[in-house]
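As a plain string of letters, each chain reads:
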Amino acid sequence: IKSGLLTLDERNTIIQLNEEAKKLFPNMKMGFSFQSQLKDENLSFALNQDISTFEVSRIRNGEAQYLEVLVSKIRIQSDTKGTIVLIQDVTDRK
């Protein structure tokens, strides 16, 4: 399974993303707020947890697509320095 991988800073701004993330979200760009790019009611909750997984469903090119999103904080001692986001297309499992 190919995975989209993003790194967010402490303000949840995208500072790095791989090619698979760009394929899953063609409009996603570095410097943008992650929340403005992935609109889902679970996202705000997930971004406030140390680690969280949730599923997003959307219509893409006229077909249903299901994405599994894993969010994990980057911490140095007790300071949050950013977040890693892993996104997998799990449509084939449905």
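Residues numbered from 1 in each chain as written. Predicted model: local features only at pLDDT ≥ 70, side-chain atom pairs only at ≥ 80, totals over all residues. Heavy atoms only, no water.

## A few points about the packing of aromatic side chains
What the rule picks out here adds up to zero aromatic pairs. Geometry around F25 places R58 over its ring, the cationic atom sitting 4.4 Å from the centre. (Phe/Tyr/Trp six-rings, centres within 6.5 Å; stacked < 30°, edge-to-face > 60°. Lys NZ or Arg CZ within 6 Å of the ring centre and 35° of its normal.)

## Description of the pairing of strand β3 (residues 51-60)
Along any regular strand, the residues point their side chains to alternate faces of the sheet. The sheet contact formed by β3 and strand β4 (residues 63-76) spans 10 bridges and is antiparallel. When the sheet's bridge partners are listed, E55 is paired in β4 with E68. Linking two consecutive strands that pair antiparallel, namely β3 and β4, is a turn of two residues; a positive phi of about 55 degrees is found at N61 within it. (Pairing = 2+ DSSP bridges. Helix = DSSP H or I, 4+ residues; strand = E, 2+ residues; numbered from the N terminus.)

## Observations concerning the environment of T83
Of note, T83 is situated in strand β5 (residues 79-89). Classification of T83 by relative accessible area gives buried; the value is 1%. In sequence terms T83 and N48 are 35 residues apart; their C-alpha atoms lie 10 Å from each other. Once you skip the residues sitting within four places of it in the chain, T83 turns out to touch L6, T7, L8, N12, L47, V71, S72, K73 and I74. (Buried < 20%, exposed > 50% of the residue type's maximum accessible area, 1.4 Å probe, protein only. Contact = heavy atoms within 4.5 Å.)

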